[in-house]
Amino acid sequence: MTESIKVTGLSKEYRNGVKALQDVSFEVRRGEFVALIGRSGSGKSTLLSILGGLDSPTSGTVSIGRTVVDYRDRKALIALRRNVVGFVFQQYNLIVSLSALENVAYPLLFNYHSKAVREKRAMGMLELVGLGDRAKHFPQQLSGGEQQRVAIARALVGDPSLVLADEPTGNLDSKTSGEIYALMRQVNRARDVTFMVVTHEKELAAYCDRTIELRDGRVLSTGLETAACADARVMK
Amino acid sequence: MIVGRYVDYLGLSARQLFTKRLRVLLTVLGIAIGVAAVIGIVAIGDGIREQAIQAIEAQSDLSLVEVHPDTQDGITQLITDARVDDIRSMDHVLAAAPAIRDNYATKKQTYLDVVAMNGPDFEQVLKPQYLHGEGMSPGTNEVVFGHDLRDTLQRVEGIRIGEGFDIVVRDYNESGYPVDTGHRLNATGSLTVRNDQFDRLLIMDLATAMTFRDDEAGYSSVFVRVDSADNVFGVAEQVKSLGLTATGAFEQIKAVNNFMDMVVMIFTLFAVFALLVGGLMIMTTMITSVFERTREIGITMAIGASEGDVVRLVMYECLLIGVMGGILGDLFGLGFATVVNTFGKPYVVASLGDQFAGIFGEQIAVVSPGLMLIGLAIAVVFSLGAGIYPAVKATRLNPVDAIRGT
């Protein structure tokens, strides 16, 4: 199996001197479901932002698939965010003036798709996350779990090879959190999409194949295979 | 597909505006008031200008131009026969009548302003209409009175059409002493009212007038008939290029235009202040909008929007505000013009008296489709201008900070 992400010697130092990441290196295989764990301030979100082309490293390289990400090329970063990466955020971050269907279709607007194509693909994604009947509802008419499902559908609508989720269940109760992780895991397996999920809830990390643990901006471990992962391999 | 995408942007922008409709409504009103102020001022200015020009056209012989000698760079350009031929060959010139101007006096010392022209030239250029009698014959002492002059001479001197009368031509000898010579003229006709200088002139035969004096150097002026009032300004320019000057009723139109341009410009400046306030309101609205939507803009960039896409989203909102403000401003302007036209004229007449009823025709304020388009364009330009800073500010947001809300 070819690697999906290869991070080599990645460092990030902010202007105020804070070193968020220091010489971070790891690989993630295509189709893996990886949990990024670590205490608050350990550099998880910074790492996710850099992987998604929202932020740039001070040094080091990131390869996604066969492409080395050029952080000086703004157009390449926009293309990365449009075509390669999907984001899921803790706060759901749906646009309140748009319906669930329109929220999911929103990223395709910037990818030159016609309205008909956008809506068809968005509807498909909503059905995938079990919200086909809630397409016309607005965010404030949906529960937290439903909003996060819409956000997951939005992250997937551009058919990315990598989904980056930053504490996607941080605002949800444990039952709903479990449902969201189950959904992401289902999508991960069904669509062979790589997931990197930031979490500090160890019980949720158990849904993942592997955990990468960060501490003070450094990788503490990259190979903690979870029980779920072991189970999954046995099932395969 | 590209058009569809822009329609989608517009749709999204409209949705965004709808979410803050009260604020948007107030902003649109601000722009609309500015546009209405511009439209109202220009409409009244155009209305007054139109009425004034119509009044001048109704009362004046606009296609008649008088050409005079002029001095440029210390050289006086006299009107010679060659110059007259030049003028006759100009585009749009139908006829030209060279003339000598002089002053005579009656025996009772009524001073007469005299213009002497060839009879056929006079008929061709002036197209005179006679109230009494008929025109003068060439090479005779026959004269024609302007309308007002006939009244004066009849009242003061008892001179009647069809009768002869004596005049005195004063000249000066080499020692500088005045030498008066007497002549007898025959009043053969008088003109109808023309509302120009000919009402006060005595018109006589050119050759006869030249025998009264022997020291004329060129003609005093040339009366020129132009094919239409619209071409008078062009002919005046051609005359100017010969080093001569042209005067006539057309100058009143020029003066009215210059005056109204100045008045409208000054008042428009005040209206522009109103528009600037509207523009600042848009800027405030959009800056607030961008601030409130920091996270949303961050998300939009995170899911693949380029900086250009973010600029477009903000600018489309400004475009919509501008279009709404422009249309509303046009409607306000039309309403204002209607009110002025309905109630303004009776008020003017009531305030100034019935003699002013004719100053304004049907409309005091004239709102043309072109003016409404300009009003709309001003609103859109101001709105887009006001949106540039917020749009650029939105693109400067760091998506990571925006999403975190820091």
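Right above here is the structure, for reference.
Residues numbered from 1 in each chain as written. Chains lettered and ligands numbered in written order. Predicted model: local features only at pLDDT ≥ 70, side-chain atom pairs only at ≥ 80, totals over all residues. Heavy atoms only, no water.

Draft legend 1. Seen up close, the overall build of chain B. Helix and strand content of chain B: 12 helices and 12 strands. Of all 406 residues assigned to chain B, the portion counted as buried reaches 46%. The long-range fraction of contacts in chain B, counting pairs at least 24 apart against all pairs at least 6 apart in sequence, stands at 80%. (Helix = DSSP H or I, 4+ residues; strand = E, 2+ residues; numbered from the N terminus. Buried < 20%, exposed > 50% of the residue type's maximum accessible area, 1.4 Å probe, protein only. Contact = heavy atoms within 4.5 Å.)

Draft legend 2. Representation of the nonpolar core in the model. Ranked by size, the top nonpolar core spans 77 residues in total, and within it F26, L51, V62, Y106 and M196 of chain A carry the most contacts. Counting residues per element, this core draws most heavily on helix α10 (residues 307-352) of chain B, which supplies 10 residues. Leave out the neighbours within four places in its chain, and Y106 of chain A touches I95 and L98 of chain A together with L12, T300, I303 and L313 of chain B. Counting residues in each nonpolar core, the second largest holds 40 residues, with V67, V143, L202 and A246 of chain B among its members. (Core = buried A, V, L, I, M, F, W, Y, C linked by side-chain atoms within 4.5 Å.)

Draft legend 3. Quick look at the packing of helix α8 (residues 250-292) of chain B against helix α11 (residues 369-395) of chain B. Residue and element names in this part refer to chain B. Two numbers describe how α8 lies on α11: the axes approach to 8 Å, and their chain directions differ by 30°. By crossing handedness, the relation of α8 to α11 is classed as right-handed. Residue-level contacts link V272, L275, L276, G279, I282, M283, M286, I287 and V290 of α8 to I378, F382, S383, A386, Y389, P390 and A394 of α11. Residue composition of the contact of α8 with α11, by class: 14 nonpolar, 2 polar and no charged. (Axes fitted to C-alpha atoms, helices over the stretch in contact; angles between N-to-C directions. Left-handed = near helix turned anticlockwise from the far one by under 90°. Nonpolar A, V, L, I, M, F, W, Y, C, P; charged D, E, K, R; others polar.)

Draft legend 4. Main features of the pattern of salt bridges. For the structure shown, the criterion picks out 25 salt bridges over all chains. Between E32 of chain A and R29 of chain A there is a salt bridge whose closest N-O contact spans 3.5 Å. Using a relative accessible area of 4% as the deciding quantity, one classes E32 of chain A as buried. The shortest N-O distance in the salt bridge between D309 of chain B and R82 of chain A comes to 2.9 Å. (Salt bridge = Lys/Arg side-chain N within 4 Å of Asp/Glu carboxyl O.)

Draft legend 5. Inspection of the interface of chain B and chain A at higher detail. With 26 residues of chain B in contact, the opposing surface of chain A contributes 28 residues. The tally of links from chain B across to chain A stands at 4 salt bridges. Between E102 of chain A and R15 of chain B there is a salt bridge, with the nearest N and O atoms lying 2.4 Å from each other. The interface formed by chain B and chain A includes 9 residue pairs in polar contact (both at pLDDT 80 or more). Among the secondary structure elements, those contributing two or more residues to the side of chain B that touches chain A are α1 (2-19), α9 (294-302), α10 and α12 (399-404) of chain B. (Polar contact = N/O pair within 3.5 Å; in protein donor to acceptor, adjacent residues only side chain to side chain.)

Draft legend 6. Structural context of a nonpolar patch on the surface. Where nonpolar side chains cluster on the molecular surface, the patch consists of F259, M262, I266, F267, F270, F273 and L276 of chain B and spans about 740 Å² of accessible area. Take F267 of chain B: its relative accessible area is 44%, and that puts it in the partly exposed class. (Patch = residues over 30% accessible without salt bridge, like charges linked within 9 Å, V, L, I, M, F, W, Y side chains within 5 Å. Areas by Shrake-Rupley, 256 points an atom, 1.4 Å probe, with all protein chains shown as cover.)

Draft legend 7. Up close: the side chain of S13 of chain B. When you line up the elements, S13 of chain B lands in helix α1. With residues up to four places along the chain from it excluded, the contact list for S13 of chain B reads L313, Y316, E317 and L320 of chain B.

Draft legend 8. Looking closely at the packing of aromatic side chains. Residues and elements named next belong to chain B. Applying the stated rule across the entire model yields 12 aromatic pairs over all chains. Pairing F270 with F273 gives two aromatic rings, centres 6.3 Å apart and planes at 75°, and the pair type is edge-to-face. Note that F270 and F273 are positioned in helix α8 at a spacing of 3 residues, about one turn of the helix. Judged by relative accessible area, F270 falls into the exposed class, the value being 54%. By way of ring pairs, the aromatic residues Y6, Y9 and Y316 are connected into one cluster. Above the face of the F18 ring, R21 is positioned so that its terminal group lies 4.3 Å from the ring centre. (Phe/Tyr/Trp six-rings, centres within 6.5 Å; stacked < 30°, edge-to-face > 60°. Lys NZ or Arg CZ within 6 Å of the ring centre and 35° of its normal.)

Draft legend 9. Representation of helix α3 (residues 100-109) of chain A within the structure. Where burial is concerned, most of α3 of chain A is hidden: 9 out of the 10 residues are buried. Among the residues of α3 of chain A, those classed as buried are A100, L101, N103, V104, A105, Y106, P107, L108 and L109 of chain A.

Draft legend 10. Inspection of the packing of helix α4 (residues 115-128) of chain A against helix α5 (residues 144-156) of chain A at higher detail. Residue and element names in this part refer to chain A. As a packed pair, α4 and α5 sit with axes 9 Å apart at the nearest point and diverge in direction by 135°. By the criterion of interaxial angle, the relationship of α4 to α5 is oblique. Once α4 is placed against α5, the crossing between them reads as right-handed. Residues M125, L126 and L128 of α4 form the contact with α5, whose participating residues are V150, A153 and L156. In terms of residue class, the contact of α4 with α5 is made up of 6 nonpolar, no polar and no charged. (Parallel < 35°, antiparallel > 145°, perpendicular 65-115°, else oblique.)

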